[in-house]
Amino acid sequence: QVQLVESGGGLVQAGGSLRLSCAASGPTFSSYHMGWFRRAPGKEREFVAGISWSGGTTYYTDSVEGRFTISRDNAKNTVYLQMNSLKPEDTGVYYCAATRRWPTAQAMDADRMGYWGKGTLVTVSS
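Residues numbered from 1 in each chain as written. Predicted model: local features only at pLDDT ≥ 70, side-chain atom pairs only at ≥ 80, totals over all residues. Heavy atoms only, no water.

S.K.: Explanation requested: the packing of aromatic side chains in the structure shown.
M.R.: Within a pair of aromatic rings, the relevant descriptors are the distance that separates the centres and the angle that separates the planes. Per the counting criterion, the structure on display carries 5 aromatic pairs. A centroid spacing of 5.8 Å and a plane angle of 80° characterise the contact between Tyr 32 and Tyr 115, whose relative ring orientation is edge-to-face. Highlighted residues: Tyr 32 in the loop between strand S3 (18–25) and strand S4 (33–39) and Tyr 115 in strand S10 (residues 115–116), separated in sequence by 83 residues. On the basis of relative accessible area, Tyr 115 is assigned to the partly exposed category, the value being 22%. Pairing Phe 37 with Trp 116 gives two aromatic rings, centres 4.9 Å apart and planes at 55°, and the pair type is tilted. In this pair, Phe 37 is assigned in strand S4 and Trp 116 in strand S10, connecting sequence segments 79 residues apart. Against the face of Tyr 80 rests Arg 19, its NZ or CZ located 4.0 Å from the ring centre. (Phe/Tyr/Trp six-rings, centres within 6.5 Å; stacked < 30°, edge-to-face > 60°. Helix = DSSP H or I, 4+ residues; strand = E, 2+ residues; numbered from the N terminus. Buried < 20%, exposed > 50% of the residue type's maximum accessible area, 1.4 Å probe, protein only. Lys NZ or Arg CZ within 6 Å of the ring centre and 35° of its normal.)

Below you can see the structure in the form of structure tokens.
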């Protein structure tokens, strides 16, 4: 059983940065692969970044590669998404999610995530 709470969203100008955090409850956090997803206004939810349970493997969708960095601190039961060089098209609600299964080296499937946070809004102005 895992509960996830995102924070760190807000309004930022294009080219700026934000750091999102996802705090998890439960004693088995380190057993879960973690991912970030987002949903832009009027669009479907999409995968953004994923990190393995150990933190040794990460994967990013092409549109954020080189700009975003996912990391985790298992001692703090927290996963992060550092977002740099933000663009207006990055605007959306960002969700963190957890899964026990992830092949790695590929995008996470939203339908396979077992737990979800309620999201945090990121707005990038032009």
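Still more to cover.
S.K.: Where do I start with the nonpolar core in this structure?
M.R.: Nonpolar side chains in soluble globular proteins tend to be buried together. Membership of the largest hydrophobic core comes to 27 residues, with the highest contact counts inside it found for Met 34, Trp 36, Phe 68, Leu 81, Met 83 and Tyr 94. Going through the elements one at a time, S3, S4, strand S5 (45–51), strand S7 (68–73), strand S8 (78–83), strand S9 (92–99) and strand S11 (120–125) are the ones with two or more residues in this core. Looking at this core element by element, the count peaks at 4 residues for S3. Filtering out sequence-adjacent residues up to four positions away, Tyr 94 remains in contact with Glu 6, Leu 20, Trp 36, Phe 37, Arg 38, Val 48, Phe 68, Leu 81, Met 83, Gly 119, Thr 120 and Val 122. Core analysis: the next-biggest nonpolar cluster, separate from the first, contains 7 residues, Ala 97, Trp 102, Ala 110 and Met 113 among them. (Core = buried A, V, L, I, M, F, W, Y, C linked by side-chain atoms within 4.5 Å. Contact = heavy atoms within 4.5 Å.)

S.K.: I would appreciate a short explanation of the pattern of salt bridges in the present structure.
M.R.: Close approach of charged atoms lets side chains of opposite charge pair. On inspection of all chains with the given rule, the structure shows 4 salt bridges. A salt bridge links Asp 90 to Arg 38, with the shortest nitrogen-to-oxygen separation between them at 2.9 Å. On the criterion of sequence distance, the pair formed by Asp 90 in the loop between S8 and S9 and Arg 38 in strand S4 is long-range, its members being 52 residues apart. Here Asp 109 and Arg 112 are joined by a salt bridge, their closest N and O atoms 3.9 Å apart. Since its relative accessible area comes to 36%, Asp 109 is described here as partly exposed. Residue class for Arg 112 comes out exposed when judged on its relative accessible area of 65%. (Salt bridge = Lys/Arg side-chain N within 4 Å of Asp/Glu carboxyl O.)

S.K.: Explain the sheet that holds S3 to me, please; I cannot follow it from the model alone.
M.R.: Whenever strands of a sheet pair, they do so through backbone hydrogen bonds, lying parallel or antiparallel. Strands sit in the order S1-S3-S8-S7 across an open sheet of 4 strands; the sheet is antiparallel. Both outer strands of the open sheet, strand S1 (3–7) and S7, are each paired with one neighbouring strand and no more. On average, each strand axis in the sheet is tilted by 15° relative to the strand beside it, whichever way the strands run. As judged from the 6 bridges shared by S3 and S8, these two strands associate in the antiparallel manner. (Pairing = 2+ DSSP bridges. Axes fitted to C-alpha atoms, helices over the stretch in contact; angles between N-to-C directions.)

S.K.: What is the right way to look at the state of the cysteines in this model?
M.R.: Any covalent bond linking the sulfur atoms of two cysteines counts as a disulfide. Enumeration according to the criterion identifies 1 disulfide in this entry. The partner cysteine of Cys 22 in its disulfide is Cys 96, sulfur to sulfur 1.9 Å. Around the S-S axis, the bridge from Cys 22 to Cys 96 shows a dihedral of about 50° and counts as right-handed. With Cys 22 in strand S3 and Cys 96 in strand S9, the pair connects residues that are 74 residues apart, well separated along the chain. Among the residues examined, Cys 96 registers a relative accessible area of 0% and is labelled buried. (Disulfide = S-S within 2.5 Å.)

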